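Read off the chains here:
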Amino acid sequence: MHSYPDASAVVRALAPDEPVIVNRPQAAARAARFFVEAFPGKSLYAVKANPSPDLLRVLWDSGVTHYDVASIAEVRLVRATLPEATLCFMHPVKTASAIAEAYKVHGVRTFSLDTQEELDKIVAATADDAGEAATDLALCVRLRVSSEYSELSLASKFGIDLADAGPLLQATRQVADSLGICFHVGSQAMTPFAYVQALERVRAAIVDAAVTIDIVDVGGGFPSIYPGMEPPPLEDYFGAIHRAAESLPVSYSSELWCEPGRALCAEYNSVVVKVEKRRGDELYINDGAYGTLFDAAHIGWRFPVKCLNADRAGGEAEFAFYGPTCDDGDFMKGPFLLPADIAAGDYIEIGMLGAYGAAMKTRFNGFGEGEIVLAGDEPMASQYRGDRRDPRMSDNVVSLR
């Protein structure tokens, strides 16, 4: 894999006709070290955000030892890439064969669930040939919590309602060596209060069930920086989580976990695209909804952009993008701010695509080829440069920004 100083150097060297994915392993390593050192508990990388083996190795080398896997394919991938990693199968709905393979072949001991049916399935699938139940399971009951403070909701598909959680926690306690409660506040949580509110539900669930909890897993949702979305510093989130967890009735006996995905890998990738055509304020580029820009097309996510042609001197204007396929839905509304005189043949770097960007590329309509290179410069935005802590914020105040 070739290395370049920055994306402009990629264009000068390659003049590419296909999109080029630009990896910045140093950015992912910095994010990983930050979570390992600053989060007041254990950090599990949510593999679905970006399952690149190269990225997995970067995170491992930077101290991330636990991985949240959500399918048997992810279990196999991470086990093959990182033989010594601890894998946690955190999808609440799994096939019996996936559970059995994960447990018996790949050494997975941690599973999540949100129904009695799933609990029964896990117990049966992990039993030995004589039908004896496993005695080394760590089972996390997923609680439904609000996603009102997040940009993308994860509140409807998984999680047991608080009113129904007591009996399931009690039943799970009977068969689990370690019992956990987990939740997910939604992707890109814009205030630490999202976790404080969710942990209040955890408190109520514990009190209602009257069980001892060994693991409190606050899930993912830790934010990155995008145009129009500048969240508080991550230290604010960690402080709020720590204080709320310390006030739980099981704080003396439980371990705190989190599952960052976006926050660990968003800064890892950008993509260099070529403008094939301009039509007014619409730019036809060679990547799009079926490539790295799925989120830009389908949920209106805005990403930072930069024109790589130095001779563009016009003031900024707002543009929308069309991708390369024949599909009208291959459209990214933006707006994306670029020089007003941008033209066909110019190159654009689109940043912060490490999470759910490169990982979601397809080859629909024959598109999707392109090189992957390394760059040594900074990502287009960062939560980890040390300049984001707001001195006006007190450790005793929860931001509602």
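Residue positions are given per chain, counted from 1 along the sequence in the order it is written. In keeping with the model being predicted, local features are shown solely for residues with a pLDDT of at least 70 and side-chain atom pairs are shown and tallied solely at 80 or more, while totals for entire chains, interfaces and linings include all residues. Calculated side-chain values reflect all of the structure's heavy atoms, with hydrogen atoms and water omitted.

Help me understand the overall build of the protein chain in this model?
Under the DSSP-based scheme used, a helix requires at least four consecutive residues in state H or I and a strand at least two consecutive residues in state E, with every element numbered from the N terminus. When helices and strands are tallied, the protein chain shows eleven helices and 19 strands. In terms of C-alpha radius of gyration, the protein chain reaches 22 Å, essentially the compact-globule figure of 21 Å for 401 residues. Counting only C-alpha atoms and orienting by the principal axes, one finds that the protein chain spans roughly 70 × 50 × 35 Å. Exposure is judged per residue with a 1.4 Å probe applied to protein chains only, and the accessible area is read against the type maximum: over 50% gives exposed, under 20% gives buried, and values in between give partly exposed. For the protein chain, the residues scored as buried account for 54% of the 401 residues in total. We call two residues in contact whenever any of their non-hydrogen atoms come within 4.5 Å of each other. Taking all contacts inside the protein chain whose residues are at least 6 apart in sequence as the whole, residues at least 24 apart take part in 74%. Note on areas: Shrake-Rupley, 1.4 Å probe, and residue coverage restricted to the protein chains presented here. Roughly 16,300 Å² of accessible area belongs to the protein chain as shown, and the carbon and sulfur atoms make up 51% of that amount. Computation of the radius of gyration draws on C-alpha atoms alone. For the globule rule, the value is 2.2 Å times the number of residues to the power 0.38.

Would you explain the packing of aromatic side chains in this entry?
Geometrically, a pair of aromatic rings is defined through the distance of the ring centres and the angle of the planes. Two aromatic rings from Phe, Tyr or Trp, using only the six-membered ring of Trp, form a pair when their centres are within 6.5 Å; if the ring planes differ by under 30 degrees the pair is stacked, by over 60 it is edge-to-face, and anything between is tilted. Evaluated as defined, the whole model comprises 18 aromatic pairs. Judged by centre distance (4.8 Å) and plane angle (50°), the rings of Tyr322 and Phe331 are tilted. Three or more aromatic residues joined by ring pairs form one cluster here, namely Phe34, Phe35, Phe39, Tyr195, Phe222, Tyr237, Phe238 and Tyr384. Geometrically, a lysine NZ or arginine CZ counts as sitting over a ring once it is within 6 Å of the ring centre and also within 35 degrees of the ring normal. Looking at Lys94, its charged tip hangs above the ring of Phe89, at a distance of 5.8 Å from the centre. The lysine or arginine in question, Lys277, covers the ring of Tyr284, its NZ or CZ lying 4.7 Å from the ring centre.

For this particular structure, what's the right way to read the packing of helix α4 (residues 72–81) against helix α5 (residues 96–104)?
Angle between the axes and distance between the axes are the two parameters that describe a pair of packed helices. Only the stretch in contact is used when a helix axis is fitted, and all axes are lines through C-alpha atoms; the angle between N-to-C directions ranges over 0 to 180 degrees. Relative to each other, α4 and α5 sit at 20°, their axes nearing to 10 Å. With respect to their mutual orientation, α4 and α5 come out roughly parallel. Crossing hand, α4 versus α5: left-handed. In contact with Ile72, Val75 and Arg76 of α4, α5 contributes Ala98, Glu101 and Ala102. Put simply, Ala, Val, Leu, Ile, Met, Phe, Trp, Tyr, Cys and Pro go in the nonpolar bin, Asp, Glu, Lys and Arg in the charged bin, and everything else, Gly too, in the polar bin. The residue makeup of the contact of α4 with α5, split by class, is four nonpolar, no polar and two charged. Note that the term roughly parallel is reserved for angles under 35 degrees, roughly antiparallel for angles over 145, roughly perpendicular for angles of 65 to 115, and oblique for everything else. Crossing handedness: left-handed means the near helix sits turned counterclockwise from the far one by under a right angle, and right-handed means the same turn made clockwise.

For this particular structure, what's the right way to read helix α7 (residues 162–175)?
Along an α-helix, a turn takes 3.6 residues, which lines up residues three or four apart on a common side. What a helix should span is 1.5 Å times the count of its residues minus one. Its 14 residues give α7 an end-to-end C-alpha distance of 21 Å, which sits within 8% of 20 Å, the value for a rise of 1.5 Å per residue. Looking at α7, one finds that the buried residues are Ala165, Gly166, Leu168, Leu169 and Thr172. Packed against the buried residues of α7 are β6 (110–113), α6 (116–125), β7 (138–142), β9 (178–182) and α8 (193–209).

Sorry if this is basic, but what is going on with unusual backbone geometry here?
For residues besides glycine, phi is generally negative; the peptide bonds are generally trans as well. In this structure, the amide linkage connecting Gly334 to the following residue, Pro335, adopts the cis form with an omega of 5°. Non-glycine residue Gln188 carries a positive phi angle of around 60°. Among the secondary structure elements, Gln188 is positioned in strand β10 (residues 187–189). Assessed through its relative accessible area of 0%, Gln188 is described here as buried.

Help me out: how do you make sense of the nonpolar core in this one?
For soluble globular proteins, the rule of thumb is that nonpolar side chains tend to be buried together. Grouping buried Ala, Val, Leu, Ile, Met, Phe, Trp, Tyr and Cys residues that are joined through side-chain atoms within 4.5 Å yields what is termed a nonpolar core. Residues Phe35, Tyr45, Tyr67, Phe222 and Ile350 are the most contacted members of the largest nonpolar core, which totals 108 residues. Examining the composition of this core, we find that eight residues originate from one element, α8, more than from any other. Contacts of Tyr67, omitting those with residues within four sequence positions, involve Leu44, Tyr45, Val47, Leu56, Leu59, Trp60, Val78, Leu82, Ala85, Thr86, Leu87 and Cys88. One finds Val11, Tyr347, Val373 and Ala375 within the second-largest nonpolar core, a separate group that totals twelve residues.

I would appreciate a short explanation of the pairing of strand β18 (residues 347–350) in the present structure.
Moving residue by residue along a regular strand, the side chains alternate between the two faces of the sheet. Side-chain alternation along β18 places Tyr347 and Glu349 on one buried face and Ile348 and Ile350 on a second face that is also buried. Following DSSP output, two strands are said to pair if at least two bridges run between them. Across four bridges, strand β13 (residues 269–279) lies against β18 in antiparallel orientation. In the strand pairing of β18, Val271 is matched with Ile350. Across three bridges, the pairing between strand β15 (residues 305–307) and β18 is antiparallel. The partner of Val305 across the bridge, within β18, is Ile350.

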